[in-house]
Amino acid sequence: MGIGLDAMTALSPTSDTRAGEVLRLRREISRMQRRRSEHTLLPLDPAFATLLPEEGLQTGTSYTVSPSPALVLALLSGASAKGHWCAVIGMPTLGVEAAAAYGIDLTRLILVPSPGERWLAVTSALAEVVPLIVVQPESRARDADVARLSARLRDRGSTLLVAEEPGAGRWAQSEGTIRLHDPDWHGLGEGWGLLSDCTVTVTARTRHSPRASSVRVRLPGGHGAVETAGTELAALPPLRVEPEASDASAPSELLFWAEAG
């Protein structure tokens, strides 16, 4: 039932076939049509449980996240483990084997690697039926289009993760940011060895939390999934503030991270 592995390549519209593929996607969505989600939060992996004040992703809203396939898969894994459908749009380097290693149910995963200029239309269509969606925009969306998509997310109870570089600014009407930084790869010696796992810091900040909170995790861990690397950074070092690029008519969004050293 629905769209799974068999449709992954079919949902990558190219050139003149894009319009037909979007229509076919809409027909599949009509077949999968669901009622509005009754959940107020989507679960996160236990390693991220203390990252957000609500201990989960709020439904009906959006978050801006780092465009890291590892972070994206880690954020999807908790909801997928509970049986929720997930979708990833515009991330052709995201691997199916890596998704399986993070514990994501591939039979409930929709991949649209290359939507082209129709990335916003595909996102809007999937928001009708998929509870958790990740999109890496291929162009800047107009404020009016973002507002319409946000209204659809609220109406359907879907959650959107927008994978954007920090310099692109925060997605309009975003609930918060989830950023990956300070990667530390392990496994290499002096001229020998293989990369085994990577320890990173993941930092989140939302509209309702007074300051950023961070966790240190292995992403990926030794077995491919996310693993806790240490205790939560309850008291962060002094923060440096860096303004992100934004519209001159709108307040500047701020990206926070801990001073190195």
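Residues numbered from 1 in each chain as written. Predicted model: local features only at pLDDT ≥ 70, side-chain atom pairs only at ≥ 80, totals over all residues. Heavy atoms only, no water.

Asker: Whenever I open this one, the side chain of Ser 124 confuses me. Can you help?
Answerer: Within the secondary structure layout, Ser 124 lies in helix 4 (residues 119-126). Sequence-distant contacts of Ser 124, defined by excluding residues within four places in its chain, comprise Leu 149 and Arg 152. (Helix = DSSP H or I, 4+ residues; strand = E, 2+ residues; numbered from the N terminus. Contact = heavy atoms within 4.5 Å.)

Asker: How do you make sense of the packing of aromatic side chains when you look at a structure like this?
Answerer: Pairs of aromatic rings are described using the distance from one ring centre to the other and the angle between the two planes. Counted under the stated rule, the structure contains one aromatic pair. When the centroid spacing of 6.3 Å and the interplanar angle of 65° are considered together, the rings of Trp 119 and Trp 171 count as edge-to-face. Here Trp 171 lies in the loop between strand 7 (159-163) and strand 8 (176-188) and Trp 119 lies in helix 4, a separation of 52 residues in the sequence. (Phe/Tyr/Trp six-rings, centres within 6.5 Å; stacked < 30°, edge-to-face > 60°.)

Asker: I'm lost on the nonpolar core in this one. Help?
Answerer: The nonpolar side chains of soluble globular proteins are, as a tendency, buried together. Ranked by size, the top nonpolar core spans 40 residues in total, and within it Phe 48, Leu 57, Val 88, Ile 178, Val 202, Val 217 and Leu 219 carry the most contacts. If you tally residues by element for this core, the top one is helix 2 (residues 69-81), at eight residues. Discounting chain neighbours no more than four positions away, the residues touching Leu 219 are Ala 70, Leu 71, Ala 74, Tyr 102, Leu 180, Cys 198, Val 200 and Val 226. Counting 21 residues, the second-largest nonpolar core is a separate cluster that includes Val 122, Ala 127, Ala 141 and Val 146. (Core = buried A, V, L, I, M, F, W, Y, C linked by side-chain atoms within 4.5 Å. Buried < 20%, exposed > 50% of the residue type's maximum accessible area, 1.4 Å probe, protein only.)

Asker: Explanation requested: the environment of Gly 224 in the structure shown.
Answerer: Tracing the sequence through the fold places Gly 224 in the loop between strand 10 (213-218) and strand 11 (227-228). Under the relative-accessibility criterion, Gly 224 is labelled buried at 16%. In this structure, the C-alpha to C-alpha distance between Gly 224 and Tyr 102, residues 122 residues apart in sequence, is 6.1 Å. If sequence neighbours within four positions are ignored, Gly 224 has contacts with Ala 101 and Tyr 102.

Asker: Looking at this model, I keep getting lost on the pattern of salt bridges. Mind explaining?
Answerer: Close approach of charged atoms lets side chains of opposite charge pair. Within the structure shown, the criterion is met by four salt bridges. A salt bridge links Glu 128 to Arg 152; the shortest N-O distance between them is 3.2 Å. Of the two residues, Glu 128 is situated in the loop between helix 4 and strand 6 (132-135) and Arg 152 in helix 5 (residues 143-156); the sequence distance between them amounts to 24 residues. Judged by its relative accessible area of 31%, Arg 152 is partly exposed. Arg 148 is the salt-bridge partner of Asp 145, the closest N and O atoms lying 2.3 Å from each other. Taken together, the positions of Asp 145 and Arg 148, both in helix 5 and three residues apart, correspond to about one turn of that helix. When salt bridges with common partners are traced through the structure, they connect Glu 128, Arg 152 and Arg 156 into a single cluster. (Salt bridge = Lys/Arg side-chain N within 4 Å of Asp/Glu carboxyl O.)

Asker: Looking at this model, I keep getting lost on unusual backbone geometry. Mind explaining?
Answerer: The bulk of non-glycine residues show a negative phi, and the bulk of peptide bonds are trans. For Glu 55, which is not a glycine, the phi torsion comes out positive at approximately 60°. Residue placement: Glu 55 occurs in the loop between strand 1 (41-43) and strand 2 (56-58). With phi around 65°, Gln 173 is a residue other than glycine that occupies positive phi space. Mapped onto the elements, Gln 173 comes out in the loop between strand 7 and strand 8.

Asker: Help me understand helix 4, please; the structure alone is not making it clear to me.
Answerer: Burial runs high along helix 4: seven of the eight residues are buried. By the burial criterion, the buried members of helix 4 are Trp 119, Leu 120, Val 122, Thr 123, Ser 124, Ala 125 and Leu 126.

Asker: Can you walk me through the pairing of strand 4 (residues 86-89) in this structure?
Answerer: Two faces belong to every sheet, and in a regular strand the side chains alternate between them. Alternating positions in strand 4 separate into two faces, Cys 86 and Val 88 on one and Ala 87 and Ile 89 on the other, with burial throughout. Relative to strand 5 (residues 109-112), strand 4 is paired through four bridges, and the arrangement is parallel. In the sheet register, Val 88 faces strand 5, and the bridge partner there is Leu 111. The pairing of strand 4 with strand 6 spans four bridges and is parallel. Within strand 6, the residue paired with Ala 87 across the bridge is Ile 133. (Pairing = 2+ DSSP bridges.)

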